[in-house]
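Chains, contacts and geometry: an overview
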Amino acid sequence: MIKLAQAGRSAPSVALAQQQLNKMPYAAFLGVSLRVGPDGLETLTPDRADLIGNTNLPALHGGVVGSLLDITGMLTLVFLKALDRSPRLVDMDIDYLRSGQALPTHGRAEIVRAGRRMANVRARLWQDDPERPIAIGRLQFLFPKS
Amino acid sequence: MSLFLKSLKELPPFGQALGMVLEEADTGPGVAVLLPGAEHLSGDAEDAVFHTSVILATIDNTAGWCIRDHPDYAEGTSMATLDLRVDFVTPARLSETLRVRAVCEGFDGDIAFVRATAQTLKTKVLIATGQATFMLGTPDMPNLATPANALGGPVD
């Protein structure tokens, strides 16, 4: 049974993740890029003046942090499940752990559980040190109807 | 809305980049922010709807402003978002303007709790609801408002 189920699973697809990223104007506006290494998919936003929320510190806008969690979770799902359309984000819960500096920000996500209709995803962001995440997020996605 | 917030001409750079506008006509309690639909806010080039992240970012920003608008908040006090939860109820068309209202429901000088809703401006469809918690001040620089310094301006 397990073998059958695994055989039915599609292989991760970088091409589909990149295609999904390319057709997302808001991600282009943020300057999000992705790369896939041995550890899976990783997203990146640049250090850019217009992503700042507090100019005194300076600190990344909380909305940018939330956006990268959302986009990272979504692209990871598209990548791992080889989806040709984007899943719909139903709700998300963000814990802000540290103030985001004016630095490039990395994102990574994992699927906690994927059923037939929904996927529960955890995403995390970090800047200079992967061991010091600036935010984590729990996201619930609804798969597109096939 | 407080005089302070009305005089706030300087949006955070990211709020400016998205196109957020403070709705000055709103009489409170809480504050409202408008975000007109625009191409760069799109979640999907084919669907022409607001990206969920854009709705989230506007809720985050509006929630922060509603703390700064609270009568007990001393301007200059640092503020950190601890967490934010958003339910995305309905997708919003880019032909619409998003209107986010945030109300502070608890404020004790250390912690503030905010609830927010996002609607379409014209059709008043509920788009999203949000809930955020903030920490005010830092151990070195607590909330500046004191009876002797009610406006919370610079201490020296």
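Figured I'd write up the structure that's included with this text. (Residues numbered from 1 in each chain as written. Chains lettered and ligands numbered in written order. Predicted model: local features only at pLDDT ≥ 70, side-chain atom pairs only at ≥ 80, totals over all residues. Heavy atoms only, no water.)

1. Digging into the overall build of chain B
Note the threshold: Each helix is a run of DSSP H or I of at least 4 residues and each strand a run of E of at least 2, with the numbering of both proceeding from the N terminus. Throughout this description, buried means an accessible area under 20% of the type-specific maximum (1.4 Å probe, protein chains only), exposed means over 50%, and partly exposed covers the range between. When checking whether two residues touch, look at their non-hydrogen atoms; a contact exists if any pair is within 4.5 Å.
Tallying secondary structure elements over chain B gives three helices and six strands in all. Each helix (α) and strand (β) of chain B, taken in turn from the N terminus, gives the series α-α-β-β-α-β-β-β-β. The buried share of chain B, reckoned over its 156 residues, is 50%. Pairs at least 24 apart in sequence give 63% of the contacts found in chain B among residues at least 6 apart.

2. A word on the overall build of chain A
The test is simple: Only the C-alpha atoms count toward the radius of gyration. The rule for a globule is 2.2 Å times the residue count to the power 0.38. Methods summary: accessible areas were calculated by the Shrake-Rupley approach with a probe of 1.4 Å, and residue burial reflects only the protein chains presented. His is not counted here, nor are the chain ends, while Lys and Arg score as positive and Asp and Glu score as negative. Here the site of a charge means NZ on Lys, CZ on Arg, CG on Asp, or CD on Glu.
Summing up its helical and strand segments, chain A has four helices and eight strands in all. Secondary structure elements in chain A, listed N-terminal to C-terminal, are α-α-α-β-β-β-β-α-β-β-β-β. Taking 2.2 N^0.38 as the reference for a compact globule, 146 residues should give roughly 15 Å; the C-alpha atoms of chain A span a radius of gyration of 15 Å, in line with that estimate. Taken over the C-alpha atoms alone, chain A extends approximately 55 × 30 × 25 Å along its principal axes. Contacts in chain A between residues at least 24 apart in sequence constitute 62% of all its contacts with a sequence separation of at least 6. Within the structure as shown, chain A displays about 7,300 Å² of accessible surface, and the carbon and sulfur contribution to it stands at 52%. Computed over 18 positive and 13 negative side-chain charges, the inter-centroid distance for chain A is 12 Å.

3. Describing the pairing of strand E2 (residues 31-36) of chain B
Residue and element names in this part refer to chain B. Here is the rule: Only when DSSP finds a minimum of two bridges between them are two strands counted as paired.
Among the six residues of E2, five are classified as buried, and the element is accordingly described as predominantly covered. Both E2 and strand E4 (residues 97-107) contribute to a ladder of six bridges, which runs antiparallel. Bridging from a neighbouring strand, proline 36 pairs with threonine 97 of E4.

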